[in-house]
Amino acid sequence: ERFVLSVGTLQPRKNYIRLIDAFARLSGSDDVHLVISGARGWLYDDIFQRVKELDLGTRVLFPGYVAEADLPSLYTLAEVFAFPSLYEGFGLPPLEAMACGTPVVVSRASSLPEVVGEAGCLVDPLSVEEIAGALQGLLESLDRRSSLAKQGLAQALRFTWSSAARRLLDLYRAVV
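Structural notes, computed from the coordinates. Keep in mind it's a predicted model, so treat the numbers as computed, not measured.

How each quantity is defined
- Note on numbering: residues in each chain are counted from 1, in written sequence order.
- At least 70 in pLDDT is required for a residue's local features to be given in this predicted model, at least 80 for side-chain atom pairs to be given and counted, and no such filter applies to totals for whole chains, interfaces and linings, which use all residues.
- Hydrogen atoms and water are omitted, and side-chain values are computed over all heavy atoms in the structure.
- For every residue, the accessible area (1.4 Å probe, protein chains only) is compared with the maximum for its type, and the residue is labelled buried under 20%, exposed over 50%, or partly exposed between those bounds.
- To qualify as a helix, a DSSP run of H or I must reach at least 4 residues; to qualify as a strand, a run of E must reach at least 2; elements of each kind are numbered from the N terminus.
- Two strands qualify as a pair provided DSSP detects at least 2 bridges between them.
- Orient the strands so they point away from the viewer, and a crossover whose first-strand-to-second-strand path over the helix runs clockwise is right-handed.
- Definition used for salt bridges: Asp or Glu carboxyl oxygen within 4 Å of a side-chain nitrogen of Lys or Arg.
- A helix is expected to span 1.5 Å multiplied by its residue count minus one.
- Residues belong to one nonpolar core when they are buried, are Ala, Val, Leu, Ile, Met, Phe, Trp, Tyr or Cys, and are joined through side-chain atoms within 4.5 Å.
- When checking whether two residues touch, look at their non-hydrogen atoms; a contact exists if any pair is within 4.5 Å.
- For helices, the fitted axis covers only the stretch in contact; all axes are lines through C-alpha atoms, and the angles between them, taken along N-to-C directions, range from 0 to 180 degrees.
- Definition of a polar contact: a pair of N or O atoms within 3.5 Å, with one able to donate and the other able to accept a hydrogen when the atoms are protein atoms, and with sequence-neighbouring residues admitted only if both atoms are side-chain atoms.
- Working definition: rings of Phe, Tyr and Trp (its six-membered ring) pair if their centres are within 6.5 Å, and the pair is stacked with planes under 30 degrees apart, edge-to-face with planes over 60 apart, and tilted otherwise.

The next thing to look at is the pairing of strand E2 (residues 32-37). The element E2 is extensively covered by neighbouring structure, given that 6 of its 6 residues are classed as buried. In this sheet, E2 lies alongside strand E1 (residues 2-7) in parallel orientation, the contact comprising 6 bridges. Within the sheet, the bridge partner assigned to Val7 lies in E2 and is Ser37. Regarding topology, helix H1 (residues 16-24) serves as the crossover connection from E1 to the parallel E2, and that connection is right-handed. One ladder, built from 3 bridges, connects E2 with strand E3 (residues 60-64); its direction is parallel.

Inspection of the entire model under this criterion finds 10 salt bridges. In this structure, Arg25 engages Glu129 in a salt bridge whose closest nitrogen and oxygen atoms are separated by 2.7 Å. Taken together, the residues span a long stretch of sequence, with Arg25 in the loop between H1 and E2 and Glu129 in helix H6 (residues 128-140) at a distance of 104 residues. Residue classification places Arg25 among the partly exposed residues on the basis of a relative accessible area of 47%. Here Arg173 makes a salt bridge to Asp170, at a shortest N to O gap of 4.0 Å. With Arg173 and Asp170 both in helix H8 (residues 161-175) and 3 residues apart, this pair spans about one turn of that helix. Counted as one network, the salt bridges with shared partners bring together Arg2, Asp31, Glu79 and Arg145.

Below, the discussion takes up H6. In a regular helix each residue adds 1.5 Å, so 13 residues correspond to 18 Å; H6 covers 18 Å between its end C-alpha atoms and thus fits that length. For H6, the complete set of buried residues consists of Val128, Ile131, Ala132, Ala134, Leu135, Gln136, Leu138 and Leu139.

Counting residues in each nonpolar core, the largest one holds 28 residues, and the members touching the most others are Val4, Leu34, Val105 and Leu135. Per-element tally for this core: the top contributor is H6, with 7 residues. With residues up to four places along the chain from it excluded, the contact list for Leu34 reads Val4, Leu19, Ile20, Phe23, Arg59, Val60 and Leu61. If you look at the next biggest cluster of nonpolar residues, it comprises 21 residues, including Leu5, Ala78, Met98 and Ala119.

A word on the sheet that holds strand E4 (residues 80-83). Overall, parallel pairing links the 6 strands, which are arranged E3-E2-E1-E4-E5-E6 in an open sheet. With partners counted over all chains shown, the strands left at the sheet margins are E3 and strand E6 (121-123), one partner each. Neighbour to neighbour, the strand axes of the sheet diverge by 25° on average, direction disregarded. Where E4 meets strand E5 (residues 104-107), 3 bridges bridge the pair, whose relative direction is parallel. The partner of Phe83 across the bridge, within E5, is Val106.

On to the side chain of Thr102, then. In this fold, Thr102 is placed in the loop between helix H4 (92-99) and E5. Accessibility expressed as a relative area gives 2% for Thr102, which makes it buried. Of note is the side chain of Thr102, whose polar atom sits 2.3 Å from the backbone oxygen of Tyr75. The residues touching Thr102, leaving out its near neighbours within four places in the chain, are Tyr75, Thr76, Ala78, Glu79, Val80, Phe81 and Ala97.

Right, let's get into the packing of aromatic side chains. In the structure shown here, the tally under the stated rule is 5 aromatic pairs. Aromatic pair Tyr44 and Phe48: ring centres 6.1 Å apart, planes at 90°, arrangement edge-to-face. An angle of 65° between the planes, with centres 5.6 Å apart, marks the rings of Tyr75 and Phe81 as edge-to-face. The burial state of Tyr75 is the same as that of Phe81; both residues are buried. A connected cluster of aromatic rings, assembled from ring pairs, spans Tyr44, Phe48 and Phe62.

This is the structure in structure tokens:
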């Protein structure tokens, strides 16, 4: 089945309520599900309540925590990865999704624009309309998904452990 994926602990800063509201606004996508994978964090009851209020219980799925070894399969199978977080220290899940060839929709907040670069759809995390529009656009356009998937793979290659180590070493040399 077709699905939009989001990965992260269930908590307010992940902005899942707006993501659910945006998902509810998608037109012509009754065959698409929203899968929100992550352990329960704090203040998560409102997330489940919103799904119930919008009568999306059969279309919004919460598999809970997914083991790290299984995440690449989820990323690869998803049509789109959505991460409208209000705040992130780095934003590893969008990078993982891009490395699996999945197009991403992320918020313009905190570090996410740097992580995703031009390889994803950046949205205002406070705008349900922008989130819905980006999701709708990607779900409707195979060409756009393919283009972003290709760009995402290239962007993900910029963030390797060897690259990070090399930059850290360069920084140490500059300081010394």
